[in-house]
Amino acid sequence: MLVTQPYDGATIADLALDTAATIESKLQAAVAAFADRGGWLPAYKRIEILKRLARLVELEQSEFALLIAREGGKPLADAKVEVTRAINGIEIAAGEIERLAGDEIPMGVTTASSGRFAFTTKEPIGPVVAISAFNHPLNLIVHQVVPAIATGCPVVVKPAATTPLSCLRFVELVHEAGLPQSWCQTVVVEDNALAESLATDPRVAFVSFIGSAKMGWHLRSKLAPGTRVSLEHGGAAPVIVDRSADLDALIAPLAKGGYYHAGQVCVSVQRIYVHRDLKEEFVARFTDRVRALKVGDPTHPETEVGPLILPREVDRVDRWVHEAVGGGAKITAGGERVSDSVYQPTVMVEPSASSALSTQEIFGPVTCVYGFTEITEAIARANSLPFAFQAAVFCRDIQIALSAARLLDASAVMLNDHTAFRTDWMPFAGRRQSGYGIGGIPYTMRDMMQDKMIVMKF
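So, a few notes on the structure that sits alongside this text. Values in this document were obtained by computation on a predicted structure and should not be read as measured data.

With respect to the helices, strands and loops of the structure, R271 is situated in strand 11 (residues 269-275). Buried and unpaired, R271 has no salt bridge, with D409 as the nearest side chain of opposite charge at 9.3 Å. A polar atom in the side chain of R271 sits 3.1 Å from the side chain of Y273. With near-sequence residues (within four places) excluded, R271 lies in contact with A236, A237, P238, V239, S358, C368, Y370, R381, A382, S384 and L385.

On to the pairing of strand 5 (residues 128-131). Going residue by residue along strand 5, you find V128 and A130 tucked away on one face and V129 and I131 tucked away on the opposite face as well. Of the strand pairs in this sheet, strand 5 and strand 6 (residues 155-158) are connected by four bridges, and their pairing is parallel. Across the sheet, residue I131 finds its bridge partner in strand 6, namely K158. Handedness of the β-α-β unit built from strand 5, helix 5 (residues 139-151) and strand 6 comes out right-handed.

Tracing the backbone shows L231 in strand 9 (residues 228-232). Overall, the relative accessible area of 2% leaves L231 in the buried class. Along the backbone, L231 and Q433 are 202 residues apart, and their C-alpha atoms lie at a distance of 9.7 Å. Every residue in contact with L231, bar those within four places of it in the chain, is listed here: F209, G216, W217, R220, G435 and Y436.

Moving on: the state of the cysteines. Under the definition given, this model contains zero disulfides. Sulfur of C167: no disulfide; nearest cysteine sulfur belongs to C184 and is 7.5 Å away.

Membership of the largest hydrophobic core comes to 65 residues, with the highest contact counts inside it found for V241, L250, L254, I272, F282 and F286. Broken down by element, the residue count for this core peaks at six residues, all from helix 9 (residues 247-259). Every residue in contact with F286, bar those within four places of it in the chain, is listed here: I251, L254, A255, Y259, I272, V347 and T367. Counting residues in each nonpolar core, the second largest holds 50 residues, with V57, A65, C153 and V174 among its members.

On to unusual backbone geometry, then. Both trends apply: most residues other than glycine have a negative phi, and most peptide bonds are in trans. A positive phi is found at F363, a non-glycine position, where the angle reads about 50°. Within the secondary structure, F363 is located in the loop between helix 12 (356-359) and strand 14 (366-372). Unlike most non-glycine residues, R432 shows phi in positive territory, near 50°. By the element assignment, R432 lies in strand 18 (residues 431-432).

The next point concerns the sheet that holds strand 4 (residues 116-124). Taken together, the three strands give an open sheet; going across it, the order is 3-4-20, and neighbouring strands pair in antiparallel fashion. Each edge of the sheet is formed by a strand with only one pairing partner; in this case those strands are strand 3 (104-105) and strand 20 (449-457). Across nine bridges, strand 4 lies against strand 20 in antiparallel orientation. Each residue of the ladder has a partner; that of E123, found in strand 20, is Q450.

Rules used throughout
Residues numbered from 1 in each chain as written. Predicted model: local features only at pLDDT ≥ 70, side-chain atom pairs only at ≥ 80, totals over all residues. Heavy atoms only, no water. Helix = DSSP H or I, 4+ residues; strand = E, 2+ residues; numbered from the N terminus. Buried < 20%, exposed > 50% of the residue type's maximum accessible area, 1.4 Å probe, protein only. Lys, Arg positive; Asp, Glu negative; His and termini not counted. Salt bridge = Lys/Arg side-chain N within 4 Å of Asp/Glu carboxyl O. Polar contact = N/O pair within 3.5 Å; in protein donor to acceptor, adjacent residues only side chain to side chain. Contact = heavy atoms within 4.5 Å. Pairing = 2+ DSSP bridges. Right-handed = clockwise from strand over helix to strand, strands pointing away. Disulfide = S-S within 2.5 Å. Core = buried A, V, L, I, M, F, W, Y, C linked by side-chain atoms within 4.5 Å.

Pasting the structure below:
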């Protein structure tokens, strides 16, 4: 399988693909490792491994950043941030291990429960299969693999076929840090049927999936009874700019949130609802900022917007943009290809409510601006889609801000910040069609464990 740079199509690597037989062998190894309860790594060993892993990744920080830029097309400056976050994520997991504690269960509060002492302990749930996405080829792997290591679950991880190299190197470092081979393995396939067969195997205890809603919900419907699952999909993140908002403070963050990694982020700014008193000035200033974004080779330090992952995604985005123009929308910035793999950062004003740009996740460098008069109207439009993830409100009136935060259908509402804000220890979850379960390293660790109660009679 050829791994190529999205920016120019240059080949980076040629990888051998896993077959059904090699996948079965790897799954058997994971199942056997977990079945040997006497061979489970104690907490202190897992902490030591993760601390060594963090240092090993840190030693290759520059190499990982360049690899992310090359295989995924993420601008180098943002790729460096991704590596820093990955290191922090490993450290977060190591620190969380000592907080994996059970509870005392009250006894003696009824006649039947008298003379007993009860408590719970935490145990790993079992073999984990992680299926990852292309847009954060190192940090997503950290979010899926490291919680499994921290909790003592063997994990088999399938990176995106377009961006496998960061994952493969990371897992090599996992083993170098001291984790036995069978406790963390990779699977490289292009065949979705093979990946589905792995995830739906009844020997798998937990499936972590990051990717499209269509594939995620299909996969969930096929899981064996008892298999836990975490799904992280996308959305069409709404932003409300209230009449009281400070335009000086919001233009730059919205440009960052909308065009970071060419908009290929599940919580990327997409729908911007601006009060009509501010709309004209907002559009003018936001358009100027977007036009000034530096577009080009993601390995260059000054680049702010790089390529989309595949040329067919450029085709799709261009089609959606021009369909919206045919429906009455206005382009104030961009709206054209730069190359087969790069699309200009684009601002659309008032695409119709039924257009693809208004109803589907764009996952490209396009934001849409709509005017509103009453904030209740903006909230209703923000809540109108069948998916919901993160949202944002820019406002200097605290009452309006908190009221909007309460009424928005979102798992997180950012006040005076863009929708793509995230730290690796906070809960991160889509609602409705946007996902299932809660991401964020501490939360994933909890999901990968189960309680065992011990009752002692005396």
